[in-house]
Amino acid sequence: MAFFTSSPVPILHFLILYLLIVVTVSFSENQNQKTYIIRIQHDEKPSVFPTYKHWYESSLRSLSLLLPENEKISSDLSESRIIHTYEKVFHGFSAKLSPLEAEQLEKVSGVIAVIPEQIRQIQTTRSPQFLGLKTKDSSGLLKESDFGSDLVIGVIDTGIWPERKSFNDRDLGPVPLKWRGECVATKDFPAASCNRKLIGARFFSAGYEATNGKMNETSEYRSPRDSDGHGTHTASIAAGRYVFPASTLGYARGVAAGMAPKARLAAYKVCWNAGCYDADILAAFDAAVSDGVDVISLSVGGVVVPYYLDSIAIGAFGATDHGVFVSASAGNGGPGGLTVTNVAPWVTTVGAGTIDRDFPANVKLGNGRIIPGVSIYGGPGLAPGKLYPLIYAGNEGGDGYSSSLCLEGSLDPKFVKGKIVLCDRGINSRATKGEVVKKSGGIGMILANGVFDGEGLVADCHVLPATSVGASGGDEIRKYITAASKTRSNPTATIVFKGTRLRVRPAPVVASFSARGPNPESPEILKPDVIAPGLNILAAWPDRVGPSGLPSDKRRTEFNILSGTSMACPHVSGLAALLKAAHPEWSPAAIRSALMTTAYIVDNRGQTMIDESTGNTSTVMDFGAGHVDPQKAMDPGLVYDMSSYDYIDFLCNSNYTEKNIIAITRKKADCRGARKAGHVGNLNYPSLSAVFQQYGKKKMSTHFIRSVTNVGDPKSIYRVTIKPPSGITVTVNPEKLIFRRVGQKLNFVVRVQAREVKLTAGSTSVKSGSIEWKDGKHVVNSPIVVTMQEPL
């Protein structure tokens, strides 16, 4: 986006100052250039400049003429340093600058923020059915929303493989009139790649190439085409058409379908071989909002930083401010705490759960023990009934550590040939370990979780007979190998592949890898918000990428099975499109509220969902408000609605400066009023999180002010049920809400009182409960979390 004002003159002042900075910096600084995103004060766009970048570049050239001959600006110091200009969700540009230039530029009047770029990484035949979205329902969310037919989902990812049947436009109506986007045609992505289903496709590589140099077009496409697979997969989860038959190597046979089968798709490719660069991500947000998308799906993440330094948070705020719903993956850093990413309260943050389907592939040891595992392997299997020699890679040659992980070049073929090899998880990808074993002559692989991974299992498309086992299973196999070697008997094993198993119990289970709270940036906002299916999800896959993702894998499949919060996020993106289609008047906050207050926390046994990594009961820090329930979300009764100004009050109460807040929101904030009115927990969020620092205090208390909007029956009375966290006193006033019309808003106050608990210095106690508003038809549930901290 560009830094427009009502007339060009102030911009010229800014440019002259910028040029003076540029010419006074030593050219040796250029070697240390990095990408920065610069936010500029902005009032309105002048109509005289149709594209700001061209005007900016010509202004640089013009102003250069005013400088002495020995201080002329080279092209390297002008046009080529500008990467993107931003106009819709952000006012400013991205450019290559040295740290000194960035430091001096930040002091220039009119520059609000200079943000260092982050590099981000990318994080179904049964999930619609598991979520209760049945195609033959005469009523329900799919019927009410016409399968999302007039809604547009923008997927910011690795691009798309447009020829897949999941993206066909059969029986779809014309492209919605509101659509302003384009299909960027290239030599490998002809204009005909787009249709009435895939209505837009763009790519953004300038940020990537500014850091890495010109891309290698023999290994990736300079176009919206997907050379990775991740973007094709996520797009078809959100909005893939019905495709039958669908499977991966014979597994998960059935009808493949996305959440919103008739929704239109727009692909924004920002992720390349070296990652996803902030400058490009922000450009994609800018384009998506300008193009007219209704939902943005972002299965990309990085480290958590303050929101004014977080390009995803800034881009998402701009999108939300324009009425666009933004969902993002929570990250795959679980099962440890404080791992959740994409935590801004205006983003719907999605963790991952399992569905009631798995792919068992068990290890049978020579002593008769069966160790449960999972795998997707469709190639020549092991001989039935035959046991093969078994070794632990960490015991056989190498330096022990690298060989235990089956890293490239670490295995000695003379120890490995003809054997099943036990490898530990970590460092290199799971599929790569199998490739290393295969190249070294191994006949099969068992992949063992480490202690941190726990018992969470992910099924992978391996290039040799292989399976994954949990940490306890890995320990048992190692003990068996050690015991057998002491008795001088050779340890043996085989892998028994059992195909696809349905109606698995318990389900859903919180996936081990799914990132957990608390929220590292704003502990008063519970994150993740919800969980959705993210383990072993079948969806569309490109033609020129093997199912393992390895370059050596020459197998081809129309669908692939992947796991991650990357797969959970587009489930929610598709559901948001359906909800928006059924309720066009709902804001992004209302849609998120409907998903959160109707979410459930029990599995198909009727018990609280368990944590896959431990087998113990999971908590709100794992699943947020719970697992999404699409049918109930269509009719939530009440919603917690918010506008951009509510978020500004939240930022004020988070002690952000006025300059920080403008950097995020483009809006000036008078924080005096916000701070008088409340505190950071008073954001009208569907969940409530109180954080108490004990400091020797015996009693602590706080309150939450909430407002609910009636979207249910015109005349309805809601009564509250309080389930307080253990040892905590919670009161709600009033206890009854009487609504007389749809759209009416009523307020209530929740008071929380806690007593000191015994904690060691630096430790924390987390307890949770809930408040429910019921009218006899709807149950509007909000989790309430109380965190007690004993400071160091």
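Residues numbered from 1 in each chain as written. Predicted model: local features only at pLDDT ≥ 70, side-chain atom pairs only at ≥ 80, totals over all residues. Heavy atoms only, no water.

The name given to the protein in an unreviewed UniProt entry is Peptidase S8/S53 domain, with Macleaya cordata as the source organism.

Got a minute to help me understand the state of the cysteines in this structure?
Structurally, a disulfide amounts to a covalent bond that connects the sulfur atoms of two cysteines. Evaluation of the coordinates by the stated rule reveals four disulfides. Sulfur-sulfur distance for the disulfide between Cys183 and Cys194 comes to 2.1 Å. On the S-S bond that ties Cys183 to Cys194, the torsion sits near 85 degrees, and the link is right-handed. Here Cys194 lies in the loop between β6 (152-157) and β7 (198-203) and Cys183 lies in the loop between β6 and β7, a separation of eleven residues in the sequence. (Disulfide = S-S within 2.5 Å. Helix = DSSP H or I, 4+ residues; strand = E, 2+ residues; numbered from the N terminus.)

Is there a simple way to explain the environment of Arg222 in this structure?
For Arg222, the position within the fold is in the loop between α6 (206-212) and α7 (230-239). Taking C-alpha positions, Arg222 is 9.2 Å from Phe189, a pair spaced 33 residues apart along the chain. If sequence neighbours within four positions are ignored, Arg222 has contacts with Thr186, Asp188, Phe203, Ser205, Glu209, Lys214, Met215 and Glu217. A polar side-chain atom of Arg222 sits 2.7 Å from a polar atom in the side chain of Glu209. A polar atom in the side chain of Arg222 sits 2.9 Å from the side chain of Glu217. (Contact = heavy atoms within 4.5 Å. Polar contact = N/O pair within 3.5 Å; in protein donor to acceptor, adjacent residues only side chain to side chain.)

What is the right way to look at the nonpolar core in this model?
For soluble globular proteins, nonpolar side chains are generally found buried alongside one another. Core analysis: the largest hydrophobic core is formed by 128 residues, its most contacted members being Tyr268, Phe285, Ile296, Tyr307 and Trp346. No other element matches the nine residues that helix α8 (residues 278-291) contributes to this core. When residues no more than four places from it in sequence are discounted, the contact partners of Ile296 are Gly154, Ile156, Phe285, Ala288, Val289, Ala319, Val324, Phe325, Val326, Ser327 and Ser573. Grouped together as the second largest cluster of nonpolar side chains are 25 residues, Phe704, Ile728, Ile771 and Val780 included. (Core = buried A, V, L, I, M, F, W, Y, C linked by side-chain atoms within 4.5 Å. Buried < 20%, exposed > 50% of the residue type's maximum accessible area, 1.4 Å probe, protein only.)

Honestly, the UniProt feature "active site" (unreviewed entry) in the protein in this entry has me stumped. Any pointers?
Mapped onto this numbering, the UniProt entry annotates "active site" (unreviewed entry) at Asp157, His230 and Ser566. Annotated residues spanning 410 residues; largest pairwise C-alpha distance 9.9 Å, indicating a single compact cluster. Mapped onto the elements, Asp157 comes out in strand β6. Discounting residues that sit within four places of it in the chain, Asp157 has contacts with Ile122, His230, Gly231, Thr234, Tyr268, Lys269, Val270, Cys271 and Ser299. At 2.6 Å, the side chain of Asp157 forms a polar contact with the side chain of His230. Looking at where Ser566 falls in the secondary structure, it is placed in helix α14 (residues 565-582). Non-local contacts of Ser566, meaning those with residues more than four positions away in its chain, are made with Ile122, Gln123, His230, Thr234, Ser299 and Ser329. Polar contacts involving the side chain of Ser566 include one to the side chain of His230, which spans 2.9 Å. (UniProt positions renumbered as here; feature names shortened; annotations may be inferred.)

Would you mind going over the pattern of salt bridges with me for this structure?
A side chain of one charge can pair with a side chain of the opposite charge when the charged atoms of the two come close. Considering all chains together, one arrives at 32 salt bridges under this definition. Note that Asp635 is salt-bridged to Lys777, the shortest N-O span being 4.0 Å. You can see Asp635 sitting in the loop between α17 (630-633) and β30 (638-639) and its partner Lys777 sitting in the loop between β37 (764-774) and β38 (779-789), a full 142 residues away along the chain. The partner of Asp670 in a salt bridge is Arg672, with the nearest N and O atoms 3.1 Å apart. Of the residues examined, Arg672 reaches a relative accessible area of 62% and is grouped as exposed. (Salt bridge = Lys/Arg side-chain N within 4 Å of Asp/Glu carboxyl O.)

Would you mind going over the packing of aromatic side chains with me for this structure?
By convention here, two paired aromatic rings are described through the distance between centres and the angle between planes. Going through the model one piece at a time under the given rule, you end up with 17 aromatic pairs. Ring centres of Tyr307 and Phe650 lie 6.4 Å apart, and the angle between their planes is 45 degrees; on these two criteria the pair is classed as tilted. Of this pair, Tyr307 sits in the loop between β14 (300-301) and α9 (311-321) while Phe650 sits in helix α18 (residues 644-653), and the two are 343 residues apart along the sequence. Its relative accessible area of 2% is what places Phe650 among the buried residues. With a centroid separation of 5.9 Å and an interplanar angle of 90 degrees, the aromatic rings of Tyr718 and Phe739 are classed as edge-to-face. With a gap of 21 residues between them, Tyr718 in strand β33 (residues 716-723) and Phe739 in strand β35 (residues 736-739) connect regions that are remote in the sequence. (Phe/Tyr/Trp six-rings, centres within 6.5 Å; stacked < 30°, edge-to-face > 60°.)

Sorry if this is basic, but what is going on with the packing of α7 against α14 here?
When two helices pack together, their arrangement is captured by the angle between the axes and the distance separating the axes. Between α7 and α14, the least distance of the axes is 7 Å, while the angle of their chain directions is 35 degrees. Two packed elements cross with a definite hand, and for α7 against α14 that hand is right-handed. From α7, His230, His233, Thr234, Ile237 and Ala238 reach across to α14, where they touch Ser566, Met567, Pro570, His571 and Gly574. Along the lines of polarity and charge, the residues of the contact of α7 with α14 split into four nonpolar, six polar and no charged. (Axes fitted to C-alpha atoms, helices over the stretch in contact; angles between N-to-C directions. Left-handed = near helix turned anticlockwise from the far one by under 90°. Nonpolar A, V, L, I, M, F, W, Y, C, P; charged D, E, K, R; others polar.)

Just to check I follow, could you spell out the sheet that holds strand β25 (residues 492-497) for this structure?
Each strand in a sheet pairs with another by means of backbone hydrogen bonds, the pair being arranged parallel or else antiparallel. Taken in spatial order, the eight strands make up an open sheet running β19-β18-β25-β21-β22-β23-β24-β20, and their pairing is mixed. Looking at the sheet topology across the chains shown, the edges are occupied by β19 (370-371) and β20 (373-374). Each of β22 (420-424) and β23 (444-448) is contacted by helix α12 (residues 430-439), which is oriented at about 145 degrees to β23, the strand it contacts most. Together, β18 (361-365), β19, β21 (388-392), β22, β23, β24 (466-469) and β25 form the strand contacts of helix α13 (residues 471-486), whose direction differs from that of β21 by roughly 110 degrees. (Pairing = 2+ DSSP bridges.)

Would you mind showing me how to read the confidence of the model for the protein here?
Detailed reading of predicted coordinates is not advised where the pLDDT is low. Summing up the model confidence of the protein, the mean pLDDT is 88 and the portion of residues at 70 or higher is 88%. Overall, residues 1-30 carries pLDDT values under 50, and its contacts beyond four positions in sequence, including any with other chains, amount to 83 contacts. (pLDDT = per-residue confidence, 0-100.)

What exactly am I supposed to notice about unusual backbone geometry here?
When glycine is set aside, most residues are seen to have a negative phi, and most peptide bonds are trans. Residue Gly517 is joined to Pro518 through a cis peptide bond whose omega torsion reads 5 degrees. When you line up the elements, Pro518 lands in the loop between β26 (501-502) and β27 (530-533). Pro734 follows Asn733 through a cis peptide bond whose omega is 0 degrees. Topologically, Pro734 is positioned in the loop between β34 (729-733) and β35. Of note in this structure, Asp171 is not a glycine but carries a positive phi near 65 degrees. For Asp171, the location among the structural elements is in the loop between β6 and β7. For Asp171, a relative accessible area of 65% corresponds to the exposed category. Its identity is not glycine, yet Cys406 carries a phi of approximately 55 degrees, on the positive side. Assignment of secondary structure puts Cys406 in the loop between α10 (401-404) and α11 (413-416). Here Cys406 falls in the buried class, since its relative accessible area comes to 0%.

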